Amino acid sequence: FEKINLLEYLDEIVGLFRSKAESEGKVLSFKSDASGTLEVVLDKHQFSRVIFNILNNALQYTPEEGKISVILQTNNRKEELTLCIYNSGKAISSEVLPHLFDRFYRGQNDGGRTNVKGMGIGLELAKEVTLLHGGSIMADSLTHEGTCFFVSLPYNLDRELSVDPSEAQTTYHALVILCDRCT
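Residues numbered from 1 in each chain as written. Predicted model: local features only at pLDDT ≥ 70, side-chain atom pairs only at ≥ 80, totals over all residues. Heavy atoms only, no water.

A closer look at the overall build of the protein chain
So the rule is basically this: Secondary structure elements follow DSSP: runs of H or I no shorter than four residues count as helices, runs of E no shorter than two count as strands, and numbering proceeds from the N terminus. Under the scheme applied here, a residue whose accessible area is under 20% of the maximum for its type counts as buried, over 50% as exposed, and between as partly exposed, the area being computed with a 1.4 Å probe on protein chains only. Any two residues whose heavy atoms approach within 4.5 Å are treated as being in contact. Residue exposure ignores everything except the shown protein chains as possible cover, and the areas themselves are Shrake-Rupley values with a 1.4 Å probe.
Per the secondary structure count, the protein chain includes 3 helices and 8 strands. Helices and strands in the protein chain line up, N terminus first, as β-α-β-β-α-β-β-α-β-β-β. A buried classification covers 44% of the 183 residues belonging to the protein chain. Long-range contacts, defined here as pairs at least 24 residues apart, represent 68% of the contacts in the protein chain between residues at least 6 apart. About 10000 Å² of surface is accessible on the protein chain, with carbon and sulfur atoms providing 48% of the total.

Okay, here's the thing in structure tokens:
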């Protein structure tokens, strides 16, 4: 675990997917209501697996000319962050949603695509990494609107860091959610 600038971290990860999205005729965007430095403490290697998996799935299930949005919002009153990863692909049925994070689960609702790759472990891994960070993960999907993934995390995890005591802060909590409807 280390202290990182969440805005730079997310911008870098989204940037890694942008050219693939563009080459497939999809629009991928990242926006935030925060500016400057937004520091959080997390295992950036492990947590990148959460974001990579959700963005990979979004690219797979979003049709050409579709939209994928990563939105980070802050709520100072609740000391939360909200990260929303949304895709405009075909909705996930209400029968499939409760099982999305189950190991080896492959829903039948694949948007009509027969060439979708995977073994059904990516979202389960995303759930486990999120839980290890003290958070939670969920998804919501509406017909004709797309799918949003929601991941909650503590803002500053109670981890030992080599930080000057004068810079010590209280523990904050963040809700990291992935969705365009969050705005």
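A closer look at the packing of helix α1 (residues 6-23) against helix α2 (residues 44-61)
The following threshold applies: To obtain each axis, a line is fitted to C-alpha atoms, and for helices this fit is confined to the stretch in contact; angles are then taken between N-to-C directions over 0 to 180 degrees. To sort the angles, those under 35 degrees are grouped as roughly parallel, those over 145 as roughly antiparallel, those from 65 to 115 as roughly perpendicular, and the leftovers as oblique. In this scheme, a crossing is called left-handed if the near helix is turned counterclockwise away from the far one by less than a right angle; it is called right-handed if the turn is clockwise.
Interhelical geometry of α1 versus α2 gives an angle of 30 degrees and a closest axis separation of 11 Å. The angle between the axes of α1 and α2 places the two elements in the roughly parallel class. The handedness of the crossing between α1 and α2 is right-handed. Every residue of α2 that contacts α1 at Tyr9, Leu10, Ile13, Val14, Leu16, Phe17, Lys20 and Ala21 is listed here: Lys44, Phe47, Ser48, Ile51, Phe52, Leu55, Asn56 and Leu59.

Comments concerning the pattern of salt bridges
Operational definition: By salt bridge we mean one thing: a side-chain nitrogen of Lys or Arg within 4 Å of a carboxyl oxygen of Asp or Glu.
Counted according to the given criterion, the structure contains 4 salt bridges. For glutamate 39, the salt bridge identified is with lysine 3, shortest N-O distance 3.6 Å. Of this pair, glutamate 39 sits in strand β3 (residues 39-42) while lysine 3 sits in strand β1 (residues 2-5); the two residues are 36 residues apart in sequence, bridging distant segments of the chain. For glutamate 39, a relative accessible area of 33% corresponds to the partly exposed category. Ionic pairing is found between arginine 103 and glutamate 124, a salt bridge with its closest N-O pair at 3.1 Å. With a gap of 21 residues between them, arginine 103 in the loop between β5 (80-87) and α3 (122-132) and glutamate 124 in helix α3 connect regions that are remote in the sequence. According to the relative accessible area criterion, arginine 103 is exposed, its value standing at 53%.

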